[in-house]
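Spelled out, the chains give:
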Amino acid sequence: MLWPMAWSLLPLTGGLLLILFKGGGLLATSFLALGLMLSLAAVWIGTTAVPGRVDMLVLLISPFTAFSLFFQPPNIVQALLALIAWTINYRTASSLSALSGVAYRCEWDPRLPLPDVEGATYMHRKWAARPLIRIGSNIVRGVRLNGKIMLESDSPITFTFSEE
């Protein structure tokens, strides 16, 4: 995933140099947009290799930024938008490439509500085949695998239940 990110630096740098030395123009904007879309391709490769780890909003940043660059805002704004979007893509691609591909799973009865975890952000309170809970940077997802219903996460999580 980081290999396409390296290639995305070429048009991005070319666009930034054109903005700096030539004063911008449509060619510079095209290079910036191309660099952003190449970095999006790197993130897309990572999301297909390890699905369910990236929110859709992160994937939408690059196309919207690349499209908005063609409205020709001031040169400094173009440069900042392109650098911010590329940095977000780089951080996403590097976090995806750092994942080992190992997923921690446990079987789950879908009739049971999800446990209450202190400090967690819940997307859904009942089991579903999608992201369910975010605990820090760890996302707990519901998955079906070989006819079994499971909870899956990137790092181990221990649920402790108390009888009241």
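Residues numbered from 1 in each chain as written. Predicted model: local features only at pLDDT ≥ 70, side-chain atom pairs only at ≥ 80, totals over all residues. Heavy atoms only, no water.

Undergrad: What is the right way to read the pairing of strand E4 (residues 138-145) from this model?
TA: Side-chain positions along a regular strand alternate between the two faces of the sheet. Among the eight residues in E4, six count as buried, and that is most of the element. Pairing of strand E3 (residues 131-135) with E4 involves four bridges; the strand directions are antiparallel. Residue pairing for E4: Ile133 is matched across the bridge by Val140. Where E3 folds back onto E4 in an antiparallel hairpin, the turn is made up of two residues, including Gly136, whose phi is positive at roughly 65°. Note that E4 and strand E5 (residues 148-153) share five bridges and pair antiparallel. Across the sheet, Arg144 pairs through a bridge with Ile149, a residue of E5. (Buried < 20%, exposed > 50% of the residue type's maximum accessible area, 1.4 Å probe, protein only. Helix = DSSP H or I, 4+ residues; strand = E, 2+ residues; numbered from the N terminus. Pairing = 2+ DSSP bridges.)

Undergrad: Is there a simple way to think about the packing of aromatic side chains in this case?
TA: The description of two aromatic rings rests on the distance between their centres and on the angle between their planes. Per the stated rule, a full pass over the model turns up three aromatic pairs. On the numbers, 6.1 Å between centres and 80° between planes, the contact of Trp3 with Trp7 is edge-to-face. Of this pair, Trp3 and Trp7 both sit in helix H1 (residues 2-22), four residues apart, which is roughly one turn of the helix. Relative to Tyr90, the ring of Trp86 lies with its centre 5.5 Å away and its plane at 10°, an arrangement referred to as stacked. In this pair, Trp86 and Tyr90 are both assigned in helix H4 (residues 75-98), four residues apart and thus about one turn of the helix distant. Judged by relative accessible area, Tyr90 falls into the partly exposed class, the value being 36%. Over the ring of Tyr122 we find Arg125; its NZ or CZ atom is 3.8 Å from the centre of that ring. (Phe/Tyr/Trp six-rings, centres within 6.5 Å; stacked < 30°, edge-to-face > 60°. Lys NZ or Arg CZ within 6 Å of the ring centre and 35° of its normal.)

Undergrad: I'm lost on the environment of Leu2 in this one. Help?
TA: Topologically, Leu2 is positioned in helix H1. Look at Leu2 and you get partly exposed, because its relative accessible area is 35%. Linking Leu2 and Arg91, residues 89 residues apart in sequence, is a C-alpha distance of 10.0 Å. Setting aside residues up to four positions removed in sequence, Leu2 forms contacts with Tyr90, Ala93, Ser94 and Ser97. (Contact = heavy atoms within 4.5 Å.)

Undergrad: Looking at this structure, how should I read the sheet that holds E3?
TA: Sheet strands line up and pair through hydrogen bonds in the backbone, either parallel or antiparallel. Taking strand neighbours across the sheet as the criterion, the five strands line up as E1-E5-E4-E3-E2 in an open arrangement whose pairing is antiparallel. Single-partner strands in this sheet number two, and they are strand E1 (104-107) and strand E2 (121-122).

Undergrad: Help me understand the nonpolar core in this model?
TA: One recurring pattern in soluble globular proteins is that nonpolar side chains are buried together. Ranked by internal contacts, the top residues of the largest apolar core, which has 18 residues, are Met5, Leu12, Leu32, Leu36 and Trp86. With seven residues, helix H2 (residues 26-49) is the largest single contributor of residues to this core. Core analysis: the second largest hydrophobic core is formed by 10 residues, Leu114, Trp127, Ala128 and Leu151 among them. (Core = buried A, V, L, I, M, F, W, Y, C linked by side-chain atoms within 4.5 Å.)

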